[in-house]
Structures are given as structure tokens and as C-alpha cells.
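Survey of secondary and tertiary structure
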Amino acid sequence: MYPEEKLVRKCLLQIEEGLGWGASKNWHNDVFIELSERIQQETKVLLSPVTLKRVWGRIDYQSAPSKTTLNTLAQFAGFKNWRDFKGTSGVQKQTPFTKVISANLGVIVLSASIMTVVFISFFSLKGSQPGTGTIDASQITFQSKPIAQGLPNTVVFDLDLGEIDSDSIHIQQYWDPTKTISLKPGQTLATGQYYSPGYFRAKLLVDGQAIKQHDLFIKSDGWMATLDYRPIPKYLPSTEILDGKLALSPEIINELSNNPEPMTSTYHLVDDFEQVSGDNFLLRSTVQNVYHEKWAVCQKTAIIVLGTKGAMVIPFGIPGCSSELGIMMNDVYLSGKEHDLSGLAMDFTTPQEIQIQVQDKNLKITQGQKALFSGSYTESLGRVVGLRYRFWGAGEVHSCHLSSLDQDVTVSAAALNTNKTVN
């Protein structure tokens with residue numbers, strides 16, 4: 001116990017109620033990652049998933065939260081700062097964030113926005129394994145199939161619920177517990193809507209217990225781009241962005257620059273690179289940031305590798321903004337507030353060639369002969385199933401080449417080619 005622990009718990013409870021994500025005791029690693037991104041968007045302060053786990057008591061940690069952490073949590077809960085929270089005895093105030101949550105709780109889609117968008121499809125794989133209880137899961141059928149290529153996409157779920165007789169049967173579409181489909185006993189078919197390509201884990205819930213789950217793969221049908229409006233992005237197919245390089249048209253950049261709120265744009269290639277391990281690969285990219293005005297002054301850029309079991313997010317920005325960066329190596333997250341990430345800082349107004357190499361879960365990032373960063377992680381990414389390039393504002397990808405380091409096999413996504421080639 002520390003002196004203000006009871007007040008901290010009260011603040012955390014208000015945050016939980018405002019989010020509507022269910023009891024925090026059921027939150028998994030992916031939820032804390034999403035919460036970290038939401039807090040950064042609302043308060044402009046990055047609290048790492050590890051810090052949030054400590055505050056919520058999911059990691060054994062004896063010290064009291066720092067003043068910065070307390071102020072940030074209080075602001076996210078709707079107060080000016082921690083002193084304001086204490087002075088009002090925890091009476092929550094309305095902010096744009098809490099108003100939006102209250103008004104749109106049933107329709108908010110927590111998609112791949114800034115970096116976190118990138119991730120919701122993949123960190124869902126780290127959730128708890130389903131229990132069986134008194135239900136014989138072997139007698140239950142739970143399958144799914146997307147009905148189209150590209151995005152948005154409707155997924156059809158085929159079901160045989162057997163003898164289950166409950167008034168609480170749901171399909172959880174991915175990690176977010178609010179994104180569920182209600183079922184009736186005996187129902188044999190249901191549909192769900194997906195707005196982002198990715199590798200999801202769908203769960204069949206009976207009385208809140210996951211009795212069956214399976215992986216659901218929604219591909220991008222080649223390269224595509226999105227302007228990351230929420231809850232539904234604006235889609236740009238390969239015919240609009242691919243002409244020797246990935247680039248947005250002047251009209252789209254103008255639309256983006258006229259948006260009063262910070263906005264990201266993302267290029268996606270989500271497909272199954274069957275022979276490329278997420279723990280042993282080489283990715284060579286040449287990227288350029290072409291919009292760096294107003295809220296995009298830091299030229300924030302991220303290269304994201306999606307796996308069947310996780311994701312890797314490599315951020316970049318100008319030297320003056322390295323404190324705002326945070327690198328994610330699947331289960332390992334490093335914040336620029338607590339670690340020196342200045343090696344990832346550079347000027348992207350001209351094309352920069354970046355090499356990302358992962359060998360046996362050891363990451364090395366280089367630019368030519370210059371080492372930018374090295375680190376390691378412990379949990380496997382699984383197979384590579386996608387690449388994303390995300391820009392605050394707009395950017396271009398001049399080349400992209402992915403290859404496997406395993407054995408003598410090389411599977412490549414040739415430079416900005418929507419088809420995979422085997423060499």
C-alpha cells in the first residue's frame with residue numbers, strides 16, 4: 001500500500017467505466033496496448049503498456065506511480081490534473097473524450113490508428129485460452145469465412161451450438177469485448193463486419209466463457225491505403241496509389257491537410273507470406289515523408305510487421321521528437337520517455353533506405369552501414385502475414401523487399417509488387 005492507492009483505484013475505476021471495455025481483471029496485453037495509445041491521443045503523454053499494467057496491479061511493483069503518471073491518468077479520466085481529481089473527490093467531469101464514449105459506446109470501432117491500429121488484429125492472439133466448463137466443445141461447430149476480397153468485408157460465421165441453451169451466447173469478433181454479435185440458442189448463421197485487414201481471433205462465448213475460438217484472416221487484396229478516419233477509414237485501392245511507388249494523390253493530401261485533427265495515412269499489404277518467419281526475416285524499405293506541417297511536424301513514420309502471433313512496430317521521427325517515439329518488439333515495448341531512441345530519429349523529407357533484420361528474435365535496424373537500433377524479444381511473432389507503412393500526414397514508399405532468413409528458402413514480396421515470388 002502507498003498513501004494514495006485508494007484514490008488511484010478510484011481513478012482507474014472511472015477510466016474503466018468510461019471505456020466500457022469490461023472489468024480490468026479480464027484485460028490482456030492487447031487491451032493495455034490499445035489503452036496506451038488512447039491515452040496518448042487524448043493527453044499527448046505516452047504511458048507504456050508496462051506502466052499501465054503496474055498501475056492496474058497486473059505486474060508486481062512496489063513503488064507508487066510517478067507524478068506524471070497520476071496527472072496523465074487524471075486527465076484521461078476527465079480532470080485537469082491529479083490535484084484536481086483529489087480536490088473534487090473523484091467527481092468525474094465531462095470532456096470531449098467521455099462525451100464521445102457515452103454517446104457512441106455501441107458503435108465505436110477501436111481500429112489501427114496511429115500505431116495502435118496497426119496492432120488490434122494481432123495482439124488478440126495473446127488472450128487466454130478457452131475453457132470448456134460443462135460444455136463439450138467437441139460437439140460445437142464454429143467456423144467463419146469472409147465473403148469478399150478487400151475492405152470493408154463481411155464475415156459469415158457457421159455455427160452448430162448443439163444442446164446449448166443459454167440467454168448469453170455471443171461471438172467476440174476480436175480482442176475488444178464490446179465488439180460482439182448476440183446469438184440465439186439453435187442459431188446456425190451470423191455475420192460480422194470488419195473494416196481493417198488483419199489476422200484476428202474470433203471467439204464463441206457462452207455465459208462469458210470462451211468455449212471455442214479460431215483464427216480469421218482478412219487479406220487486403222494487394223496493396224491498399226487508408227486515410228485513418230474513425231470509426232470507418234477511407235479506402236484507396238492499389239489503382240489509386242501504386243505507380244512505381246506507393247503515393248497519395250495531391251487531392252488526397254489536400255483532404256488530409258485540411259483536416260483540423262491529427263490524422264494518419266497507412267499503406268497495407270496483408271497476405272500470407274507462408275515461408276517467412278516473423279522471427280527470422282529481412283525487410284528493406286525506402287520511405288519518404290511528404291507532409292510535415294501543423295500536427296505532422298515531427299514527421300512520425302512507422303514500419304509495421306504483422307505476424308500470426310503478434311506485431312512489430314518500428315517508429316521514426318525527426319531528432320527533436322525522439323522522446324515521442326515508442327518501439328514495440330511484440331512482447332517488449334520501449335518508450336522514448338524512458339529509453340534513448342535517438343538512433344531512430346532522422347529527416348524523412350528525402351527518401352531514406354531502412355533495413356530491418358530479425359534473427360532468432362534479435363532485431364537490428366540499420367541505414368546503410370549505420371546501426372540505428374538493436375533489441376530482442378521473447379514471444380514469437382509466428383508467420384509474417386502483412387506489412388504496414390504508417391505516416392502522420394502522408395508519405396511515400398519507393399521500394400519494399402521482404403525475404404526469409406530461414407534455411408535456404410527465400411520468399412520475397414518484390415518491390416511494390418502485389419504478387420509474391422519464390423526465388
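So, a few notes on the structure that sits alongside this text. (Residues numbered from 1 in each chain as written. Predicted model: local features only at pLDDT ≥ 70, side-chain atom pairs only at ≥ 80, totals over all residues. Heavy atoms only, no water.)

Let's shift gears to helix H2 (residues 29-43). With 15 residues, H2 extends 21 Å from end C-alpha to end C-alpha; this agrees with the ideal 21 Å at 1.5 Å per step. Note on H2: the residue one or two positions beyond its end, Lys 44, has a positive phi of about 65°. (Helix = DSSP H or I, 4+ residues; strand = E, 2+ residues; numbered from the N terminus. Expected span 1.5 Å × (residues − 1).)

What follows concerns the pairing of strand E5 (residues 189-194). Residues Ala 190, Gly 192 and Tyr 194 of E5 are buried on one face, while the alternating residues Leu 189, Thr 191 and Gln 193, pointing to the opposite face, are not. Pairing of strand E2 (residues 153-160) with E5, which is carried by six bridges, proceeds in the antiparallel orientation. The partner of Val 155 across the bridge, within E5, is Gly 192. (Buried < 20%, exposed > 50% of the residue type's maximum accessible area, 1.4 Å probe, protein only. Pairing = 2+ DSSP bridges.)

With respect to the element layout, Thr 286 can be found in strand E11 (residues 280-289). Taking the relative accessible area as the measure of exposure, Thr 286 reaches 14% and is therefore buried. Looking at Thr 286, its side chain comes within polar contact range of the side chain of Ser 399, at 3.0 Å. Beyond its immediate sequence surroundings of up to four residues, Thr 286 is in contact with Pro 351, Gln 352, Glu 353, Glu 396, Val 397, His 398 and Ser 399. (Polar contact = N/O pair within 3.5 Å; in protein donor to acceptor, adjacent residues only side chain to side chain. Contact = heavy atoms within 4.5 Å.)

Right, let's talk about the pattern of salt bridges for a bit. Counted according to the given criterion, the structure contains nine salt bridges. The salt bridge partner of Glu 255 is Lys 234, with a shortest N-O separation of 2.7 Å. In this pair, Glu 255 is assigned in helix H9 (residues 250-257) and Lys 234 in strand E9 (residues 234-237), connecting sequence segments 21 residues apart. Judged by its relative accessible area of 31%, Lys 234 is partly exposed. (Salt bridge = Lys/Arg side-chain N within 4 Å of Asp/Glu carboxyl O.)

Bridge count for strand E17 (residues 362-367) against strand E18 (residues 370-376) is six bridges, and the pairing is antiparallel. Bridge pairing in E18 places Lys 364 opposite Ser 374.

Right, let's talk about the environment of Pro 185 for a bit. Here Pro 185 is to be found in the loop between strand E4 (180-183) and E5. Under the relative-accessibility criterion, Pro 185 is labelled partly exposed at 43%. The spatial distance from the C-alpha of Pro 185 to the C-alpha of Ile 169 is 7.6 Å, given a sequence separation of 16 residues. Apart from residues no more than four positions distant in its own chain, Pro 185 is found in contact with Leu 161, Ile 164, Asp 165, Ser 166 and Ile 169.

Across the sheet, three strands lie side by side as E1-E2-E5; this open sheet has antiparallel pairing. Only two strands of the sheet have a single neighbouring strand rather than two, namely strand E1 (141-146) and E5. The average undirected angle you get between the axes of adjacent strands in this sheet is 25°. Of the pairings in the sheet, the one linking E1 to E2 comprises six bridges and is antiparallel in character. Along E2, the bridge assignment pairs Thr 141 with Asp 160. (Axes fitted to C-alpha atoms, helices over the stretch in contact; angles between N-to-C directions.)

Within H9, burial applies to Ile 252, Leu 256 and Ser 257. With its buried residues spanning 135° around the axis, H9 presents them on a single face. Structural note: H9 exposes Pro 250 and Glu 251 on the side pointing more than 90 degrees away from its buried face. At its buried positions, H9 is contacted by strand E8 (224-227), E9 and strand E10 (264-270). (Arc of directions from axis to C-beta.)

With that settled, consider the nonpolar core. In this structure, Tyr 267, Leu 283, Phe 316, Leu 363, Ile 365 and Tyr 389 are the most contacted members of the largest nonpolar core, which totals 51 residues. Ranked by residue count, the leading element in this core is strand E19 (residues 384-392), at five residues. Once residues lying within four places of it in the same chain are set aside, the contact partners of Ile 365 are Ile 314, Phe 316, Ile 327, Leu 344, Ile 354, Gln 355, Ile 356, Lys 370, Ala 371, Leu 372 and Phe 373. If you look at the next biggest cluster of nonpolar residues, it comprises 24 residues, including Val 8, Phe 32, Leu 73 and Ala 77. (Core = buried A, V, L, I, M, F, W, Y, C linked by side-chain atoms within 4.5 Å.)

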